[in-house]
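Read off the chains here:
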Protein chains: 2
Amino acid sequence: MTIAEASKKYEISADTLRYYERIGLIPPVPRNKSGIRDYEEDSCRWIELMKCMRSAGVRIEALIRYVALVQQGDDTLEERRMLLMEQREQLMARMEDMQRSLERLNGKIMGYEEKIRTQREGMPLDKGEP
Amino acid sequence: MTIAEASKKYEISADTLRYYERIGLIPPVPRNKSGIRDYEEDSCRWIELMKCMRSAGVRIEALIRYVALVQQGDDTLEERRMLLMEQREQLMARMEDMQRSLERLNGKIMGYEEKIRTQREGMPLDKGEP
DNA sequence: ATACCATCTGGAGCAAGCTCTAAGTCAAGT
DNA sequence: ACTTGACTTAGAGCTTGCTCCAGATGGTAT
């Protein structure tokens, strides 16, 4: 699979795929005899994983560390587990922030619905935001 | 309340508070006769709201638009409601991405726990990541 | 008066994460 | 043989969201 095909398949620009490889967010992608990347199963699984993690906001730096550990082999299993657990903590913390924000947005939206209804009835509005 | 006190109260640097005001993320903060900001109830509520929204990753640009609409008065209620609903959609979408990522992390962590257990028993490991 | 300290402003600087550019290589088609 | 077009690299540039800095001002303590 060429970079163009991988790019299309995962909806990640070719530039970004090259960038990811350059910085070690995915391991080196095998090349054909003329130096052109050939994305196969393995590279694709990495891309897919990183797309998932990045879309959730996991930091590139943490993911690079993870990839490096995987490439170092089976002595790093424990370290990898710890790294992933730390990222999970951070992810959950962020989701809690978002949950709070979501509830607040819901409250505000309901408030506006009420206000708009009241306004249509020609009632006076109270001032004061937020 | 001075900027130092507000900064401490909300755990946002004074620089950031000034920045937020400068870009319109919060409405202008009233000043005393010598030009020093005096954060009162109203400003504080804005800060608190923005802290919440920003911690959830809501884009500054959207929040600036919201503040501008609030300052324009009651003709913008409907527009504000729509803006908030759009942000809510985006927030929920991101939370879904994070949920997927979280499940994936959980799966990987469990996989590592299993692998580490197996390894301790001196069993051979299969290769292949992720 | 003088020193000190927090505050002010406008603008520069910085980190993360892409995104774009220039110049070069290679395989295929005419 | 020559053009075309996708690929390569190294490096510059961009966006977002702060963060820091320099120089000015003003109230308070000695």
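Residues numbered from 1 in each chain as written. Chains lettered and ligands numbered in written order. Predicted model: local features only at pLDDT ≥ 70, side-chain atom pairs only at ≥ 80, totals over all residues. Heavy atoms only, no water.

1. Details of the interface of chain A and chain B
Here is the rule we go by: By definition, residues are in contact when any of their heavy atoms lie within 4.5 Å. Accessible surface is computed with a 1.4 Å probe, and the buried area is the amount of it that two parts give up when combined, taken over both parts together. One speaks of a salt bridge when a side-chain nitrogen belonging to Lys or Arg is within 4 Å of a carboxyl oxygen belonging to Asp or Glu. A run of DSSP states H or I qualifies as a helix once it reaches four residues; a run of E qualifies as a strand once it reaches two. Both are numbered from the N-terminal end. Residue polarity is assigned by list, with Asp, Glu, Lys and Arg as charged and Ala, Val, Leu, Ile, Met, Phe, Trp, Tyr, Cys and Pro as nonpolar; anything else, Gly included, falls into the polar class.
Residue-level contacts link 44 residues of chain A with 44 residues of chain B. Summing both partners gives a buried area of about 4,400 Å² for chain A against chain B, and 69% of it is carried by carbon and sulfur. On the surface where chain A and chain B come into contact, there are four salt bridges. One salt bridge in this structure joins R81 of chain A and E113 of chain B, with 3.7 Å as the shortest N-O distance. Broken down by secondary-structure element, the contributors of at least two residues to the side of chain A that touches chain B are α3 (41-55), α4 (60-72) and α5 (77-120) of chain A. No other element matches α5 of chain A, which puts 28 residues into the side of chain A that touches chain B. Considered class by class, the residues forming the side of chain A that touches chain B number 22 nonpolar, six polar and 16 charged.

2. Quick look at the packing of aromatic side chains
What counts here: Ring pairs are drawn from Phe, Tyr and Trp, using the six-membered ring of Trp, whenever the two centres fall within 6.5 Å, and their geometry is named by plane angle: stacked under 30 degrees, edge-to-face over 60, tilted for the rest.
Under the criterion given, the structure shown has six aromatic pairs over all chains. Both rings, one in Y19 of chain B and one in Y20 of chain B, keep their centres 6.0 Å apart while their planes meet at 45°; by these two values the pair is tilted.

3. Brief notes about the protein's contact with DNA strand D
Formally: Note on definitions. A residue lies near a molecule or strand when any single heavy atom of the residue is within 4 Å of it. Definition of a polar contact: a pair of N or O atoms within 3.5 Å, with one able to donate and the other able to accept a hydrogen when the atoms are protein atoms, and with sequence-neighbouring residues admitted only if both atoms are side-chain atoms.
If you check the shell around DNA strand D, you find 18 residues, and the closest are R18, R31 and R37 of chain A together with D15 and R54 of chain B. A share of 72% of the atoms of DNA strand D within 4 Å of the protein falls on sugar and phosphate groups. One of the side-chain nitrogen or oxygen atoms of T2 of chain A is found 3.2 Å away from a phosphate oxygen of DNA strand D. One nitrogen or oxygen atom from the side chain of R54 of chain B is found 2.7 Å from a phosphate oxygen belonging to DNA strand D. The dominant element in the surface near DNA strand D, judged by the number of residues it contributes, is helix α2 (residues 14-23) of chain B, at five residues. Residue composition of the surface near DNA strand D, by class: six nonpolar, four polar and eight charged.

4. Brief notes about the pattern of salt bridges
Once the charged atoms of two side chains with opposite charge are near each other, the side chains can pair. Going by this rule: A 1.4 Å probe rolled over the protein chains alone gives each residue an accessible area, and that area as a share of the maximum for its type sets the label: buried under 20%, exposed over 50%, partly exposed in between.
In the structure shown here, the tally under the stated rule is 22 salt bridges over all chains. Of the charged contacts in the structure, one is a salt bridge between R18 of chain B and D15 of chain B, with a shortest N-O distance of 3.6 Å. Within this pair, R18 of chain B and its partner D15 of chain B are both found in helix α2, separated by three residues, close to a single helical turn. Classification of R18 of chain B by relative accessible area gives partly exposed; the value is 33%. Via salt bridges that share partners, E21, R31 and R37 of chain A belong to a single interconnected network.

5. Describing the packing of helix α3 (residues 41-55) of chain B against helix α4 (residues 60-72) of chain B
Residues and elements named next belong to chain B. Cut-off, in case you're wondering: The axes are straight lines fitted to the C-alpha atoms, using for helices just the contacting stretch, and the angles between their N-to-C directions are given from 0 to 180°. Any angle that is under 35 degrees is reported as roughly parallel, and any over 145 degrees as roughly antiparallel; angles of 65 to 115 degrees are reported as roughly perpendicular and all others as oblique. Handedness of a crossing follows from how the near helix is turned relative to the far one, being left-handed for an anticlockwise turn of less than a right angle and right-handed for a clockwise one.
Contact geometry for α3 and α4: axes closest at 11 Å, N-to-C directions at 150°. When the axes of α3 and α4 are compared, the pair comes out roughly antiparallel. Crossing of α3 over α4 shows right-handed handedness. In this structure, α3 uses W46, L49, M50, M53 and R54 to contact α4, whose residues at the interface are I60, L63, Y66, V67 and V70. Here the residues of the contact of α3 with α4 are counted per class, giving nine nonpolar, no polar and one charged.

In short, geometric facts, not functional conclusions.
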